[in-house]
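Structural features, examined
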Amino acid sequence: MKQYDHTKIEKKWQKQWAKKKLYKTAEPKGDDTAENKKCYILDMFPYPSGEGLHVGHPKGYIATDVYSRFKRMQGFDVLHPMGFDAFGLPAENYAIKNKIHPSVAVQKNIKRYKEQLEIIGFDYDWSREVDTTDPEYYRWTQWIFLQLFKKGLAYESNEPINWCPSCKTGLANEDLEDGKCERCGSVVVKKPIRQWVLRITDYADRLLKDIDVLNWPESIKESQRNWIGRSEGSEIPFTVEFENGGKPGSIPVFTTRADTLFGATALVLSPEHLWVTLATGENHRAVLGNAEEVLRYIVVTKNKTEIERTDAGKEKTGVKLEGVWAINPGTKEKIPIFVADYVLADYGTGAVMMVPAHDERDWEFAKKYNVSIKTVITPDSVGDFSDGKCIVSPGILINSGEFSGITSEEAKNKITESVGGKMVTKYKLRDWVFSRQRYWGEPIPLVHCEKCGVVAVPEKELPVKLPDVKSYEPTGTGESPLATISKWINIKCPQCKGKAKRETNTMPQWAGSSWYYLRYMDPKNKKALVDPKKEKQWAPVDLYVGGTEHATRHLIYARFWHKFLYDIRVVSTTEPFTQLKNQGLIMGEDGRKMSKRFGNVVNPDDVIATYGADTFRVYEMFMGPFEQSIAWSPQNMIGSRRFVERVWKLVGRFTDSRQETVDQKEEVGALEILLNKTIKKVGKDIQGFGFNTAISSIMILLNTMEKTQVSKEQMGILLRLLAPFVPHMAEELWSVLGNKKSIHIASWPAFDATKLVDEKITIAVQINGKVRGQVVVAKDATEDVVKKEAQENPEVVKWLQGQVIKKIIYVEGRVVNIVV
RNA sequence: GCUCGGGUGGCGGAAUUGGUAUACGCGCCAGACUUAAAAUCUGUUGGCCGCAAGGCCGUGUGGGUUCGAUUCCCACCCCGAGCACCA
């Protein structure tokens, strides 16, 4: 047998597989039974940055590759595609920095990515590749937008939104991290610009409810629940009266604690509240005793960044409105009105009732501004509430008129009803700011007509192609660079043929990735986003693998679009991804995140050149639990290489002329049992993403096989168990054994359920729970026999001397415990 | 602050409807092969006490339930992630 030359073998088989189109996706069989045997396995497709891949990126891809090969061998029709998410800021910034047009840069980076992926030996069906920047692809991204627009789910708005001064574009809430731009880390400011917004909040309830049925990691599900942030409460109107006899008005507040209404000693409005704007405006200014002061406060507030405003730790500020007061609808007492920036404008009604005795924020504010504090809840178990303490927990009502004595829970409904309020549900989720003032994105397919207003581009005119432009750098004016191309902008209105202009905003990075999994099912279709038959054949995605960073962005957006597409009958399932797995990061050797900054990045190309793709794959799958972050270790890589080489040598026995005889230390029958056990375990582990334990059990099998006489058939089983992990070597050795067809379309070995337990089993003997000896018995030994053997065991006898046996417990096949 | 994960040898980790803790791999140590080294192969390897036989202690800490707890319950400590002035 020749030496193991990984480069030669890997190149050879990668070429062969491509030539024979081994991984071409099976076409739909068209019968009902076929549906049960499909398996759609999806990776989160990369955006091709200029950096190329580091060893952390392929970890998830290797896992899906192992899984898809396993499923194919089990006889499933497998769909395992790959593509590129190439619109968006990273690609554009790279292009700007390197002074290449984004489309050129993207194609270059895609090529590089593909090369890097190909040498790892993945089983992608490249004939289904998608590229979100391909007009034939984004035609359908635009089409989905138009359907949203037609259903009233896309609207134009001029509300202040998050603006990144460095990226020079508006951002969605999801694009912020601690008030900073997720991409560049700049502090985001609120800025009113014209924008397109999608009504994701219309789907908040369904997005929340359906989380329960998903087979996803608990942490991601929890993140989404937090993000959607449902809370049930009451909307209660507060009457407002003026000192100088103005007409009384009404301001609704939102509260989850209507039970504390009688303790509300002030009304607090956000600085952006419409009522405040009106009251300080030219016409009404006279009603306030201190309009100038209030205006000054509002200006100061608006100049603060989001971070400054929303930091819970900072001291609260506000200003009291003079000449006006509110009526507490419970007590009918006059209470002061404040404007304060701790009240968020865009949550609830932008107004809250201040209950200092039972809310810590209100408490803090009331102390500072001398608002009276009135306790109306007492903890239900103990009666000793003390005034001068903030009691946040619910309890029994006091000082609440007719409601005194009932519980908080009961009071919420009753009080709300009695003051003319209503029970409402609110969400933290905000509508999705969907336009970007940048070049490198899908043009929004709308037209602004002087007469007709906003008009959709007719579907047959899609795609609206992104025009070439000399300067694609962001303008910073709130307009996209497209606004400078008059030739492109000025068109006729599709409706009235009059003068009209194109919409110049582009879509955010997340648009293309919100539906790409559908396109893989039918990538070449020119007539529809996806053929309904093909959609039925493949949907939903059975397994989706990617990083946790997408928990509240991509994974929420995609679920939203999917549900919308379900409503307009483009897709047949209510959820896109039934099962989700997150790969843990591969950290640098130093334990820090891999980054150019730390100089701890490992390039997969180098690793593969030295050790081979098969070893690399084994190492990444064996290094620890898939979902866990673990540091890269060149030391441990050597262990994986050893393992791979030992397999090579083992098969060498069948080709070497000497037919090397084995010093047979293990029983042949025992090997048969171990093989069966291993087949069962490896299958179960791959299915459950326990790749590290699957490999360890194959290692145990290999250790035994090396010491035993092994038949060709048994060797074939070993190779098939290994095939998903080391596809090149398994293929090579499989052909060495004389097989003509590829191992990757061979059937996964079956195990014999009657041969899973050894003839003799070892049972531990405990005395009072401490292991004192072991007995070996036949596998079908009865309880009495085992108990008798246990008591006769010399080790045990020693411990039993002078003791009285109270009880003997036998756990079948495991342990005997003698209680003395 | 709230929510969700997680804490096991020198290291990555294995084992939970409660049943022999430390599988597998790395490293270390010893041996074989070699002039020598590397590679490879074989063996040992949780801690403490002991010449040994053997014993005691051990899954973040402290309690509890149980014949038996890494696993279940209570309290606490630490690490990671998400959310956070959301009324």
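See above for the structure.
These remarks concern the structure in this document. Residue numbering note: each chain is counted from 1, following its sequence as written. As a convention, the first chain written is A and the first ligand written is 1, with the rest following in written order. Reporting in this predicted model follows two pLDDT cut-offs: at least 70 for local features of residues, and 80 or more for side-chain atom pairs to be given and counted; totals over whole chains, interfaces and linings ignore these cut-offs and use all residues. The basis for every side-chain value is the complete set of heavy atoms in the structure, and neither hydrogens nor water enter the calculation.

A short note on the pairing of strand S9 (residues 195-198)
For each residue, the accessible area found with a 1.4 Å probe, counting protein chains only, is set against the maximum for its type, and the residue is called buried under 20%, exposed over 50%, and partly exposed in between. Strands are runs of DSSP state E lasting at least two residues, helices are runs of H or I lasting at least four, and both sets are numbered from the N terminus onward. Burial along S9 is two-sided: the residues Gln195 and Val197 and Trp196 and Leu198 are all buried. For two strands to be treated as a pair, DSSP must find no fewer than two bridges joining them. Across four bridges, strand S3 (residues 154-157) lies against S9 in antiparallel orientation. In the strand pairing of S9, Glu156 is matched with Trp196.

Section: the sheet that holds strand S24 (residues 490-492)
Strand order in the open sheet formed by four strands is S23-S22-S25-S24, and the pairing between neighbours is antiparallel. Each edge of the open sheet is held by one strand with a lone partner, namely strand S23 (453-456) and S24. If you compare each strand with its neighbour and ignore which way they point, the axes differ by 40 degrees on average. By the bridge criterion, three bridges tie strand S22 (residues 446-449) to strand S25 (residues 499-502) in an arrangement that is antiparallel. Across the sheet, the residue bridging to Cys449 is Ala500, located in S25. Here a residue-residue contact requires only that any non-hydrogen atoms of the pair lie within 4.5 Å. To get an axis, a line is fitted to the C-alpha atoms, and for a helix only the part in contact is used. The angle between two axes follows their N-to-C directions and goes from 0 to 180 degrees. Packing of helix H6 (residues 135-150) onto the sheet brings it into contact with S22 and S23, and relative to S23 it is tilted by some 130 degrees.

Here we look at helix H8 (residues 218-228)
Along H8, the positions that sit buried rather than exposed are Ile220, Lys221, Gln224 and Ile228. For H8, the angular spread of buried residues about the axis comes to 100 degrees, placing them on one side. Along its buried surface, H8 packs onto helix H7 (204-209), strand S10 (230-242), strand S20 (422-427), helix H18 (554-567) and strand S27 (580-582). Just downstream of H8 lies Gly229, where phi reads positive at about 55 degrees. Arc definition: it is the arc formed by the directions from the helix axis to the C-beta atoms.

Things to note about the pattern of salt bridges
A pairing counts as a salt bridge when a side-chain nitrogen of Lys or Arg comes within 4 Å of a carboxyl oxygen of Asp or Glu. Tallying each qualifying case throughout the model produces 47 salt bridges. One salt bridge connects Lys38 with Asp542, and the closest N-O pair in it is separated by 2.7 Å. Here the residue Lys38 occupies a position in strand S1 (residues 38-43), and Asp542 occupies one in the loop between helix H17 (532-538) and strand S26 (543-546), the gap between them amounting to 504 residues. We classify Asp542 as partly exposed; its relative accessible area is 23%. Note that Arg436 is salt-bridged to Asp175, the shortest N-O span being 2.8 Å.

Quick word on the sheet that holds strand S33 (residues 815-819)
Here four strands make up an open sheet; going across it, the order is S31-S30-S33-S32 and the pairing mixed. Lying at the two open borders of the sheet, with one neighbouring strand each, are strand S31 (770-778) and strand S32 (807-811). Direction aside, neighbouring strands of the sheet carry axes that sit 20 degrees apart on average. Bridge analysis of S32 against S33 gives five bridges, and the strand direction is antiparallel. Considered in S33, the bridge of Ile809 is made with Asn817.

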